[in-house]
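Chains, contacts and geometry: an overview
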Amino acid sequence: MPRVFTFNLRNLLVASLIVFGFGQAAQARNIPGSAQLGVSHATEVATGMIVRSLKDNMRQMRDDGASVQISTSGDMELTGVRASTGGISSLTFSLERRDVDMTDLTGSIDVSTLLFGHHVNEQVLVFGGLIGERGNLVTPYNTGTIKYDGAGLALGLDYRVSNQMYLTAIVGGMSLDYDVTRGGGAISGSFGANRQFIDLSGDYLTRAGNADLRFGAGLLYATQKNDGYTESGGAVVGAVRQDQLSAKVEMRSTWGVPGDFRPFVDLSAWGKLSGNDAVPAVFGTTLNDGVSARMAVGVERVHGASSFNFAVGANFGSDRFEGLDAKLNYSFRF
């Protein structure tokens, strides 16, 4: 009888270790602080959105006329609105949403801006104002969620070197608050963060034959520090810092005569030059490869005070196709 008891106890212990081992393997990604991986990727996406929105607003300020612009994408839900008062001193407002559907993030990110701009002279435009950001994301990496919002300030200067060449500098800072979960919502945590960024870019406009060409290139440096926090399960997560230097190039070619329907091609590519992802080595290789590109073809028409364009784009990572998008943009100048 004692031998049977010993044998059964040994089997029970071995079985327990096997189950425990598989449980640990299954939960290897669901560890304290694992939401930081998704936060890191969301920071990259959101900072890019903010800088692009600021540049689009600034380009509207280059013109004197007031305008309203509405854009849609995907399933044709409203994804953006922008308005500018025009003039030597102008005010612009924009609100944009990006539906995120990536390997390690799904959900949405909203970005808003309220900027004041002033033409110092024919060459110099200065601008600045408020920026806001909100995210509602799911992270399959750890069966978790990321919900956050933040606000900050941005300042910029646009210098017209010639009728064809523009140079732009933008600096900004934000304060953000995050609520994260992991393990299907079983574990939660909250923390604050601070982000700073600087973007240096240039636009070159020219014409070749019956085509209007625009070339753009820029460098973006962003840094974000996430405060430490204690999860609801009692695990302490330390403060982390994310730094990133990235480059972007873009080109747009539009053929035909203004006033007619004009086909165009958009090409853009983004790549991380250096930096870290603000996550411990225990998470292994991040799912964000740091390289992306988009190619779009479409048609546009400018008629009187109104204009519209429609485009279908293909999106790529460093080694894979990431899907199609469709965008419709309408604007009216008055």
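Residues numbered from 1 in each chain as written. Predicted model: local features only at pLDDT ≥ 70, side-chain atom pairs only at ≥ 80, totals over all residues. Heavy atoms only, no water.

Let us now look at the overall build of the protein. Counting secondary structure elements, the protein contains two helices and 16 strands. For the protein, buried positions account for 43% of its 334 residues. Across the protein, every contact between residues at least 6 apart in sequence was considered, and the portion connecting residues at least 24 apart equals 58%. (Helix = DSSP H or I, 4+ residues; strand = E, 2+ residues; numbered from the N terminus. Buried < 20%, exposed > 50% of the residue type's maximum accessible area, 1.4 Å probe, protein only. Contact = heavy atoms within 4.5 Å.)

Where like charges cluster on the molecular surface, the positive patch consists of Arg52, Arg98, Lys248 and Lys327. Summarising the element assignment, Lys327 is placed in strand S16 (residues 321-333). (Patch = residues over 30% accessible without salt bridge, like charges linked within 9 Å, V, L, I, M, F, W, Y side chains within 5 Å. Areas by Shrake-Rupley, 256 points an atom, 1.4 Å probe, with all protein chains shown as cover. Salt bridge = Lys/Arg side-chain N within 4 Å of Asp/Glu carboxyl O. Lys, Arg positive; Asp, Glu negative; His and termini not counted. Charge placed at Lys NZ, Arg CZ, Asp CG, Glu CD.)

Before going further, it helps to examine helix H2 (residues 35-62). Its 28 residues place the ends of H2 41 Å apart at the C-alpha level, agreeing with the 40 Å of an ideal helix rising 1.5 Å per residue. With 25 of its 28 residues buried, H2 lies for the most part within the structure. (Expected span 1.5 Å × (residues − 1).)

Under the counting rule described, the total for this entry stands at 16 salt bridges. Ionic pairing is found between Arg195 and Glu133, a salt bridge with its closest N-O pair at 2.8 Å. Here the residue Arg195 occupies a position in strand S8 (residues 187-208), and Glu133 occupies one in strand S5 (residues 124-139), the gap between them amounting to 62 residues. One exposure class covers both Arg195 and Glu133, and it is buried. The shortest N-O distance in the salt bridge between Arg262 and Glu300 comes to 3.8 Å. Here Glu300 lies in strand S14 (residues 291-303) and Arg262 lies in strand S13 (residues 262-275), a separation of 38 residues in the sequence. The pair Arg262 / Glu300 is uniform in exposure class, with both members buried. A single network of salt bridges, built from pairs that share partners, joins Asp56, Arg59, Arg62, Asp158, Asp203 and Glu250.

Right, let's talk about the pairing of strand S15 (residues 306-317) for a bit. When S14 meets S15, the two strands line up antiparallel, connected through 12 bridges. In the sheet register, Glu300 faces S15, and the bridge partner there is Asn309. Following S14, the chain reverses through two residues before pairing antiparallel with S15; Gly304 in that reversal takes a positive phi of roughly 65°. Across 11 bridges, the pairing between S15 and S16 is antiparallel. Paired with Asn315 across the two strands is Gly323, which belongs to S16. (Pairing = 2+ DSSP bridges.)

With a phi angle near 50°, Thr143 is a residue other than glycine that sits in the positive phi range. With respect to the helices and strands, the residue Thr143 is situated in the loop between S5 and strand S6 (144-160). Note on Thr143: relative accessible area 54%, which makes it exposed.

Looking now at the nonpolar core. Counting residues in hydrophobic clusters, the biggest one holds 35 residues, and the most contacted among them are Leu54, Ile109, Leu137, Ile146, Tyr148, Tyr178 and Phe197. Within the residue set of this core, elements represented by two or more residues are H2, strand S4 (106-119), S5, S6, strand S7 (165-182), S8 and strand S9 (211-226). With sequence-adjacent residues up to four places away left out, Tyr178 is seen in contact with Val39, Thr43, Ile146, Lys147, Tyr148, Gly189, Ser190, Phe191, Ala193, Arg195 and Gln224. (Core = buried A, V, L, I, M, F, W, Y, C linked by side-chain atoms within 4.5 Å.)

Mapped onto the secondary structure, Ser94 falls in strand S3 (residues 89-101). The class of Ser94 is buried, set by a relative accessible area of 0%. Not counting chain neighbours up to four residues away, the residues in contact with Ser94 comprise Ser53, Asn57, Val81, Arg82, Val111, Ser112 and Thr113.

Next up on the list: the confidence of the model for the protein. Here the protein averages 83 in pLDDT, while 84% of its residues score no lower than 70. The low-confidence segment residues 1-7 (pLDDT under 50) makes zero contacts with residues lying over four places distant or belonging to another chain. For the stretch residues 12-28, pLDDT sits under 50, and the model shows zero contacts to residues farther than four places along the chain or on other chains. (pLDDT = per-residue confidence, 0-100.)

A separate point is the side chain of Asn30. Along the polypeptide, Asn30 turns up in the loop between helix H1 (2-26) and H2. Reaching out from Asn30, the side chain makes a polar contact with the backbone nitrogen of Gly183 at a distance of 3.2 Å. Not counting residues up to four positions away in its chain, the partners in contact with Asn30 are Asn142, Arg182 and Gly183. (Polar contact = N/O pair within 3.5 Å; in protein donor to acceptor, adjacent residues only side chain to side chain.)

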